[in-house]
Amino acid sequence: NFTEPRWPLTDALSFLREHYHPSMLNDSNAIVRVKLEFDMKSGKQGRFVDAFNKMVPMMNGFERGVSEKTVLVFAKSAEAAETATQAGAKKVGGTELIDDIAKGKVDIIDFDYVLAHEDILLDLKPLIGILRDQFPKKTLGTVGTDMAKLVKTFSNGQYVEVEKPSDVIGYNNDPSYARCEAMIGRLQMEDKLIEENFISLLQNMMEASPKKNTGFITKAEIFVDERLKKKMRVHHDLIHDPLYTNYLKTKQAATA
């Protein structure tokens, strides 16, 4: 029985703007939050994915009480360097930047993160002793080819914790269930910008999925805070929602 409506994200945002309007809850530029739920089955009988944390790039930045991090990027090609600059990297360079750091002309302490394109990684070896813990590594996620995503992840990315509820006395929680909350924008931002952040969140969470299908994320709800009890359940192709999908198929068949 399909009872809970699923909303397009744009409709959910309109609903929130209406209720947080100055004439109502009076918080017209509040932070928009999303709660995701997950199916943590690993695909193997009795095995489940552990709770995990992930740094998620926010493609469109917004004020959320966290200072933006400064990023230095190593890249060989002019195209990769330009992409990194456009994404917000504070300093970008190739072999000449490597030489400047080696000679002490650039102080690495001025940067929170050091990132690198894959094509320049071997050239960075002379800097291992200087960069130390900041030396770019694939295992740390600080090396890649998608420079826009890489820079956005570390300059204004959001640390998202996927948690499993703790067991309480007399009751064991479902080991296949987990949840997380994240911020995806502010109410006064354009729908398109908030939607891009929402999709970035979904796509990056899906990277942790043990399954090739889309059954990992099972529910998404948009809300601001507890002043408004209702959370708006939204639908997206990356959310596994067979009840809603079957409802749509039945509805389409009835009107055919």
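Heads up: the structure comes first, above all this text.
Keep in mind it's a predicted model, so treat the numbers as computed, not measured.

### A few points about the overall build of the protein
Now for step 1: If you tally the helices and strands in the protein, you get seven helices and 10 strands.
Now for step 2: The C-alpha extent of the protein, read off along each of the three principal axes, is 70 × 50 × 50 Å.
Now for step 3: Within the protein, buried positions represent 43% of all 256 residues.
Now for step 4: Long-range pairs, those at least 24 residues apart, make up 70% of the contacts in the protein with a sequence separation of at least 6.
Now for step 5: Carbon and sulfur atoms make up 49% of the accessible area of the protein, which totals about 14,300 Å².

### Considerations on the pairing of strand β8 (residues 177–186)
Every regular strand shows the same layout, with side chains that alternate between the two sheet faces.
Now for step 1: For β8, the buried fraction is high: seven of the 10 residues fall into the buried class.
Now for step 2: Examined bridge by bridge, strand β1 (residues 31–39) and β8 share nine bridges and lie antiparallel to one another. Within the sheet, the bridge partner assigned to Ile 31 lies in β8 and is Arg 186.

### Considering the sheet that holds strand β6 (residues 143–144)
Now for step 1: Read across the sheet, four strands follow the order β4-β3-β5-β6 without closing on themselves; strand pairing throughout is parallel. On the outer flanks of this sheet lie β4 (91–93) and β6, each paired with one strand and no other.
Now for step 2: Relative to β6, strand β5 (residues 113–117) runs parallel, the two being bridged by two bridges. Bridge assignment links Ala 116 to a residue of β6, and that residue is Val 143.
Now for step 3: On top of the sheet, helix α3 (residues 95–102) reaches β3 (71–74) and β4; it is set at about 120° to β3, its chief contact.

### Some details on unusual backbone geometry
Now for step 1: The backbone of Asn 26 sits at a positive phi, close to 55°, despite the residue not being glycine.
Now for step 2: Note that Asn 26 resides in the loop between α1 (9–19) and β1.
Now for step 3: Residue Asn 26 is classed as exposed on the basis of its relative accessible area, which comes to 53%.
Now for step 4: Although it is not a glycine, Arg 132 adopts a positive phi angle of roughly 50°.
Now for step 5: Topologically, Arg 132 is positioned in the loop between α4 (128–131) and β6.

### A word on the side chain of His 236
Now for step 1: Within the secondary structure, His 236 sits in the loop between β10 (232–233) and α7 (242–255).
Now for step 2: A distance of 3.0 Å separates the side chain of His 236 from the backbone nitrogen of Leu 238, its partner in a polar contact.
Now for step 3: Those residues in contact with His 236, other than ones at most four positions away along the chain, are Phe 198, Ile 199 and Leu 202.

### Considering the nonpolar core
Now for step 1: Ranked by size, the top nonpolar core spans 43 residues in total, and within it Leu 36, Phe 38, Phe 198, Met 205 and Ile 222 carry the most contacts.
Now for step 2: At six residues, the largest contribution of residues to this core is made by helix α6 (residues 191–206).
Now for step 3: Among all residues touching Phe 198, those that are not within four sequence positions of it are Leu 9, Val 34, Ile 184, Ala 220, Ile 222, Val 234, His 236 and Ile 239.
Now for step 4: Leu 72, Val 106, Ile 120 and Leu 127 belong to the second-largest nonpolar core, a separate cluster that totals 15 residues.

### Quick look at the sheet that holds β10
Now for step 1: The antiparallel open sheet is built from four strands, whose spatial order is β8-β1-β9-β10. Edge strands, defined here as strands with exactly one partner in the open sheet, are β8 and β10.

Conventions used here
Residues numbered from 1 in each chain as written. Predicted model: local features only at pLDDT ≥ 70, side-chain atom pairs only at ≥ 80, totals over all residues. Heavy atoms only, no water. Helix = DSSP H or I, 4+ residues; strand = E, 2+ residues; numbered from the N terminus. Buried < 20%, exposed > 50% of the residue type's maximum accessible area, 1.4 Å probe, protein only. Contact = heavy atoms within 4.5 Å. Areas by Shrake-Rupley, 256 points an atom, 1.4 Å probe, with all protein chains shown as cover. Pairing = 2+ DSSP bridges. Axes fitted to C-alpha atoms, helices over the stretch in contact; angles between N-to-C directions. Polar contact = N/O pair within 3.5 Å; in protein donor to acceptor, adjacent residues only side chain to side chain. Core = buried A, V, L, I, M, F, W, Y, C linked by side-chain atoms within 4.5 Å.

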